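# A structural walkthrough
The lines below spell out each chain.
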Amino acid sequence: MKYYKDLHPQPESNKFHLILGILFIILSIALIITNFVEDGFLTIFNWFYSFILFLNGVVILLQYRGINIDRIFGKKFIRVTPEQICYKPTHRSKEQIVNWKEVEAIKFNIYSVDIISHSHTLNISYQSQSFQDIQLFKQTILQSAEQKSIPVQHKNQ
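Attention in this report is confined to the structure presented alongside it. (Residues numbered from 1 in each chain as written. Predicted model: local features only at pLDDT ≥ 70, side-chain atom pairs only at ≥ 80, totals over all residues. Heavy atoms only, no water.)

### Quick notes on the pairing of strand β5 (residues 103-108)
Where β5 and strand β6 (residues 112-117) come together, five bridges link them in antiparallel fashion. Bridging from a neighbouring strand, Ala-105 pairs with Ile-116 of β6. The antiparallel hairpin formed by β5 and β6 contains three residues in its connecting segment. Taken together, the three bridges between β5 and strand β8 (residues 152-154) define a ladder with parallel strand orientation. The residue of β8 that forms the bridge with Phe-108 is His-154. (Pairing = 2+ DSSP bridges. Helix = DSSP H or I, 4+ residues; strand = E, 2+ residues; numbered from the N terminus.)

### Focus on the sheet that holds strand β1 (residues 3-6)
Two strands in a sheet stick together by hydrogen bonds in their backbones, pointing the same way (parallel) or opposite ways (antiparallel). Strand order in the open sheet made by the four strands is β1-β2-β3-β4, with antiparallel pairing throughout. Every other strand in the sheet has two partners, leaving β1 and β4 (96-99) as the edge strands with one partner each. Averaged over all neighbouring strand pairs, the angle between strand axes comes to 5°, with direction disregarded. Bridge count for β1 against strand β2 (residues 77-80) is four bridges, and the pairing is antiparallel. Looking at the pairing, Tyr-3 lines up with Val-80 of β2. Across the sheet, helix α3 (residues 131-147) lies against β1, β2 and β3 (84-88), angled at about 145° from β1, the strand it touches most. (Axes fitted to C-alpha atoms, helices over the stretch in contact; angles between N-to-C directions. Contact = heavy atoms within 4.5 Å.)

Here it is in structure tokens:
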């Protein structure tokens, strides 16, 4: 059984984001036009300030569409396959991979699961996930461990 969970939160889509994003874009264009009409030229500050406002409007509109901007900077995920377990909790952290062949034991804690292998212990935290995602993750780990005859220990919850 396979499991994959993107750990980036799904942004909420509401009308306020749509209005605010359009307002920032209009404001950035209006600043360029008014400064150019008044002075006849634009300073670097005017360009920079207008660009920041425009970029902020675009980011807010993308969030309105349900696109998380954090994905540009890197991935955060949990992936369980029949061959290995991969975990990358933050953008800057290195992907941690444990092959099922190396796993000695699995210990379920209240907010995490410890995958104990020959060389190290991989601690996968799932406290910020939804209940259904946690149950599906646990079910996948339990089925894979059962197929590979790996001992599983449950901590009292």
